[in-house]
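Structure at a glance
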2 protein chains.
Amino acid sequence: MPVTGPEIERLIQLLSKLPGLGPRSARRAVLQLIKKKETLLAPLAVAMADAAEKACICSICGNVDTQDPCAICSDPTREPTTLCVVEEVGDLWALERAGVHKGRYHVLGGVLSALDGVGPNDLNIGSLAERVEKNGIKEVILAMNATVDGQTTAHYITDRLEGLGVTISRLAHGVPVGGELDYLDDGTLAAAMKSRRPF
Amino acid sequence: MPVTGPEIERLIQLLSKLPGLGPRSARRAVLQLIKKKETLLAPLAVAMADAAEKACICSICGNVDTQDPCAICSDPTREPTTLCVVEEVGDLWALERAGVHKGRYHVLGGVLSALDGVGPNDLNIGSLAERVEKNGIKEVILAMNATVDGQTTAHYITDRLEGLGVTISRLAHGVPVGGELDYLDDGTLAAAMKSRRPF
Ligand SMILES: [Zn+2]
Ligand SMILES: [Zn+2]
């Protein structure tokens, strides 16, 4: 039994499909949106239509942008021979916000997972090998998540790129900056201890 | 420094203003939306435009609907002499989902709060008294949250309606102290409604 008008019910139903929003928070969000109809709901409708029209996936690296190739792939000042490989676009954006990588990227679109039935052909690994082979890539930085699947994927890619004359590195594991030892899992502590450096 | 195209950045920025979504979950949501451009992003843009055009606040009770008077106020089968008074539209929707009230509603638009500087004139209390006086209302059910401000508001309304010959009741205690209606399950709401007591 609908509680409110069909256009509003439909908006609640669609919004509740977003990650992080259940039906309950979708209802709250919709009431908030209607309260701020002119300043939030109407602009959001326009922004969504704009994004639906303009958003595209970079045919080179897999980034999400409003141009193809994306701004990073099109930027001549970005080091073209260093590729940072990430699982998802969100990871690429996180690294960009941190400003820690001056080269280009390659988005896999996931990780290998026996459980979820994700194999090498389901990921952008073939296109990675092709870029490395054809574009004179010198270094590939594997920035997978520090999960079992992430590390399995990193190993697979290392094997796959063997013999192509490219240096392969991965992000260091260790104590997060600002992190407290007491809250870290044993694996992280072991990795941090193992990769300890002269002070 | 923007990480992606302006239309996408704008969408992230607007979405992060929704309750329950911070910048981080807004970025996740936007990536999800772009992944499901045809099935989610485009329909959501349309649904938001529709809602922005159609949504309105009922001039009688304060409910949010796509018609004014709202479907509840327009429904001749709803008992017209029993008013359930709620703080917010979300509470009205929660009671409707539970299906525990067969009368009409009145949305206050908040609660009295010395701290937040909310006085009687900031709430729809005058219009409540007017409805009671002019429309032959026999019972007013106070369904405020079981918070200090909610109960203060209930007391204020009871005083205000004194002498108008209306029975005033409140939801049974069963509503957890400090709890908010919108968080409760249907069974609890039904029990609280059934055991409502003279105020
Ligand atoms: Zn790109
Ligand atoms: Zn109404």
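Residues numbered from 1 in each chain as written. Chains lettered and ligands numbered in written order. Predicted model: local features only at pLDDT ≥ 70, side-chain atom pairs only at ≥ 80, totals over all residues. Heavy atoms only, no water.

In this section: the nonpolar core. One finds Leu 15 and Met 48 of chain A together with Leu 15 and Met 48 of chain B to be the most contacted residues of the largest nonpolar core, which totals 89 residues. Leaving out residues up to four positions away in the same chain, Met 48 of chain B has contacts with Leu 11, Leu 15, Leu 33, Leu 41, Leu 44, Ala 45 and Met 48 of chain A. Counting residues in each nonpolar core, the second largest holds 18 residues, with Leu 112, Leu 128, Ala 129 and Ala 154 of chain B among its members. (Core = buried A, V, L, I, M, F, W, Y, C linked by side-chain atoms within 4.5 Å. Buried < 20%, exposed > 50% of the residue type's maximum accessible area, 1.4 Å probe, protein only. Contact = heavy atoms within 4.5 Å.)

Let us now look at the sheet that holds strand β5 (residues 139-142) of chain B. Residues and elements named next belong to chain B. Reading across the sheet, the five strands line up as β4-β3-β5-β6-β7 and stay open at both edges, with mixed pairing between neighbours. One side of each edge strand has no neighbouring strand; the edge strands of this open sheet are β4 (104-107) and β7 (197-198). Packed on one face of the sheet, helix α5 (residues 89-98) meets β3 (82-86) and β4 and runs near 160° to β4. (Pairing = 2+ DSSP bridges. Helix = DSSP H or I, 4+ residues; strand = E, 2+ residues; numbered from the N terminus. Axes fitted to C-alpha atoms, helices over the stretch in contact; angles between N-to-C directions.)

This brings us to the pairing of strand β4 (residues 104-107) of chain A. The side chains of a regular strand alternate, first on one face of the sheet and then on the other. Covered by surrounding structure in β4 of chain A are Arg 104 and His 106 of chain A together with Tyr 105 and Val 107 of chain A, the residues of both alternating faces. Remark: the strand β3 (residues 82-86) of chain A/helix α5 (residues 89-98) of chain A/β4 of chain A crossover connection has right-handed handedness. (Right-handed = clockwise from strand over helix to strand, strands pointing away.)

Around a metal, the ideal angle is 109.5 degrees if four donors adopt a tetrahedral arrangement and 90 or 180 degrees if six donors adopt an octahedral arrangement. Surrounding the zinc ion (ligand 1) are the protein donor atoms Cys 58 of chain A (SG), Cys 61 of chain A (SG), Cys 70 of chain A (SG) and Cys 73 of chain A (SG), which sit 2.3 to 2.4 Å from the metal. Its four donor atoms give the zinc ion (ligand 1) angles of 105 to 116° at the centre, a pattern that matches the tetrahedral case. (Donors = N, O, S within 2.8 Å, 3.2 Å for Na, K, Ca; no water. Tetrahedral: all angles 85-135°; square planar, octahedral: opposite > 155°, others 65-115°.)

Before going further, it helps to spend a moment on the side chain of Lys 37 of chain B. Structurally, Lys 37 of chain B is set in helix α3 (residues 37-54). Here Lys 37 of chain B sits buried without a salt bridge, and the closest side chain of opposite charge, Glu 38 of chain B, lies 5.4 Å off (N-O distance). There is a polar contact of 2.5 Å between the side chain of Lys 37 of chain B and the backbone oxygen of Ala 55 of chain A. When residues no more than four places from it in sequence are discounted, the contact partners of Lys 37 of chain B are Ala 52 and Ala 55 of chain A together with Ala 42 and Pro 43 of chain B. (Lys, Arg positive; Asp, Glu negative; His and termini not counted. Salt bridge = Lys/Arg side-chain N within 4 Å of Asp/Glu carboxyl O. Polar contact = N/O pair within 3.5 Å; in protein donor to acceptor, adjacent residues only side chain to side chain.)

Following the UniProt record, one finds the feature "domain: Toprim" (unreviewed entry) at residues 81-176 of chain A. As a span, residues 81-176 of chain A carries 34% helix and 18% strand, and end to end its C-alpha atoms are 28 Å apart. (UniProt positions renumbered as here; feature names shortened; annotations may be inferred.)

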